[in-house]
Amino acid sequence: MENVVEIEQLSKSYGKKIVVDSFSLKMEKGHIYGLIGPNGAGKTTIMRMMAGLTKEDSGKIWFFGSADPEKKRGRISFMIEEPYMDYDMSAKQNLEYIRYLRGIPDEKRCDEMLELVGLADTGKKRAGEFSLGMRQRLGLAMAMLPAPELMILDEPINGLDPEGIIDIRNIIKTLVREKKVTVMISSHILKELSELCTDYAIMREGKLIEELSHEELLAKTRSYLALATNDAGRTTAVLEEKLNIRNYKVTHDDEIFIYERLEERELISRTVTESGLVILRLNPEGESLEDYYIGKVGE
């Protein structure tokens, strides 16, 4: 697989305080990387160094195989800390300004992005009058406007209500699935990252303490979907024949523990229901990403 990003031994200190300590990471095309760590772990500093906003003390960053990041940043969008925007301008005016700066010829793209993030009806309302969640949506629209190949997103769901969080998750998943965009994302909402990311990098005190894929996380936490229906025997036949699910077990009380395709709960639910079965329970169980993370960082 092609590595979109390669970070090697990246370090940054402020005075005597080491903020990032020999951090290394490789990111494959079309993957979603969750950068996880407590406040002060160095997540935002790493993103700022990737964006060229902070100069590293040592180490190297490659984008798309180039050791000169400046040459490739035109293929990347960043949303770090609070999205930068002109609070005296409307959402569309802010997008038009970005379109002008990035040399994007398609005039319709601004309206498409506003529709995508749910801000199409804001009209002439100033960004300064937006809620935090609305500003986050606008920041994401600005990041997506140039159709980037790589997106670096620092707390993009901060301030969003549950519906907004689901919207942003679905938008990111669609970009990755249809456009093969690569994403690095940080968030303190670990449950959301567990439903979005393909890979995780866990940090503490500026250091990478573990890197693992979603599949490796599931294997280590032994997460599963607990499924109960009105007919366990018919349900297992549906799982095998229609969904090709083999990694499951049936408990003594006819509950089915499914250990694969955990992120496809909606598809499993729909397939089982359309087969004429009644679902009594379908819940994710086992150790969560948050539990695993706390076990790693000790707080």
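Above this text is the structure in question.
Here is a short report on the structure shown in this document.

### A look at the environment of Met89
Working step 1: Relative to the helices and strands, Met89 resides in the loop between β5 (76–79) and α2 (91–102).
Working step 2: Between the C-alpha atom of Met89 and that of Arg135, which follows or precedes it by 46 residues, the distance is 12 Å.
Working step 3: If we skip the residues at most four places from it in the chain, Met89 touches Asn94, Tyr97, Lys125, Arg126 and Ala127.

### Some thoughts on the packing of α2 against helix α3 (residues 109–116)
Working step 1: Where α2 meets α3, the closest approach of the two axes is 9 Å, and the angle between their N-to-C directions is 130°. With respect to α3, the element α2 is oriented oblique. At the point where α2 passes α3, the crossing takes the right-handed sense. Here Ala91, Lys92, Leu95, Glu96 and Arg99 of α2 come into contact with α3, specifically with Cys110, Asp111, Met113 and Leu114.

### Thoughts on the sheet that holds strand β4 (residues 58–63)
Working step 1: The strand order β2-β1-β4 describes an open sheet built from three strands, whose pairing is antiparallel. At either margin of the open sheet sits one strand with a lone partner, and together these are β2 (17–28) and β4. Across the sheet, the mean angle separating the axes of adjacent strands is 15° when strand polarity is ignored.
Working step 2: Taken together, the five bridges between strand β1 (residues 3–14) and β4 define a ladder with antiparallel strand orientation. Residue pairing in the sheet places Ile7 in a bridge with Ile61 of β4.
Working step 3: Most of the contacts of helix α1 (residues 43–51) go to β1, to which it runs at about 115°, and overall it touches β1, β2 and β4.

Calculation criteria
- Residues numbered from 1 in each chain as written.
- Predicted model: local features only at pLDDT ≥ 70, side-chain atom pairs only at ≥ 80, totals over all residues.
- Heavy atoms only, no water.
- Helix = DSSP H or I, 4+ residues; strand = E, 2+ residues; numbered from the N terminus.
- Contact = heavy atoms within 4.5 Å.
- Axes fitted to C-alpha atoms, helices over the stretch in contact; angles between N-to-C directions.
- Parallel < 35°, antiparallel > 145°, perpendicular 65-115°, else oblique.
- Left-handed = near helix turned anticlockwise from the far one by under 90°.
- Pairing = 2+ DSSP bridges.

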